[in-house]
Amino acid sequence: MFRKKVDKSITKVDKIVTWLIIWWALASIFWATKTSLWKRILSKWISIFNRTFCFWYSLFWKSLVKVIWIFKKKK
């Protein structure tokens, strides 16, 4: 009667983010974040994220500008 319907479809991104959060918490518990190896791995992941995010961010805005330009040109 009071059960909520649970959506069973979890995307891969949600799983990856969840595992990253879990591993980060475990690493901070065991002070693994203080090691140079962990810092190198983290900096590599951050640089990959930055490149990917910047690429998609610029692609989004470039495509948005083109769409606006096309609709503005038709008037």
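The following paragraphs examine the structure supplied in this document. For clarity, every value in this text was computed on a predicted model and none was experimentally measured.

1. Let's talk about the layout of surface pockets
To find leftover empty space, a probe the size of one water molecule is rolled over the atoms. Computed from the structure, the largest pocket encloses a volume of approximately 430 Å³. As for the largest pocket, its lining consists of Val-13, Leu-20, Trp-23, Trp-24, Trp-38, Ile-41, Leu-42, Trp-45, Ile-46, Ile-48 and Phe-49. Those elements that place two or more of their residues in the lining of the largest pocket are helix H1 (12-29) and helix H2 (36-74). Here the lining of the largest pocket takes 7 residues from H2, the largest share from any one element. Considering only residue class, the lining of the largest pocket consists of 11 nonpolar, no polar and no charged.

2. Some thoughts on the packing of aromatic side chains
Scanning the model with the defined rule gives 5 aromatic pairs in all. Where Phe-49 meets Phe-53, the ring centres are 5.9 Å apart and the plane angle is 15 degrees; that geometry is what we call stacked. Here the residue Phe-49 and the residue Phe-53 both occupy positions in helix H2, the gap between them amounting to 4 residues, near one helical turn. Judged by its relative accessible area of 47%, Phe-53 falls in the partly exposed class. Ring centres 6.2 Å apart and planes at 70 degrees place the aromatic pair Tyr-57 and Trp-61 in the edge-to-face group. With a gap of 4 residues between them, Tyr-57 and Trp-61 both fall in helix H2, about one helical turn apart. By relative accessible area, which is 47% here, Tyr-57 ends up partly exposed. Residue Trp-61 is classed as partly exposed on the basis of its relative accessible area, which comes to 40%. Aromatic ring contacts, followed pair by pair, group Phe-49, Phe-53, Tyr-57, Phe-60 and Trp-61 into a single cluster.

Criteria and cut-off values
- Residues numbered from 1 in each chain as written.
- Predicted model: local features only at pLDDT ≥ 70, side-chain atom pairs only at ≥ 80, totals over all residues.
- Heavy atoms only, no water.
- 1 Å grid on protein atoms, 1.4 Å probe; cavity = no way out; pocket = protein on both sides within 12 Å on 5 of 7 lines; lining within 4 Å.
- Points joined across faces, edges and corners; volume = space filled by probe spheres on them.
- Helix = DSSP H or I, 4+ residues; strand = E, 2+ residues; numbered from the N terminus.
- Nonpolar A, V, L, I, M, F, W, Y, C, P; charged D, E, K, R; others polar.
- Phe/Tyr/Trp six-rings, centres within 6.5 Å; stacked < 30°, edge-to-face > 60°.
- Buried < 20%, exposed > 50% of the residue type's maximum accessible area, 1.4 Å probe, protein only.

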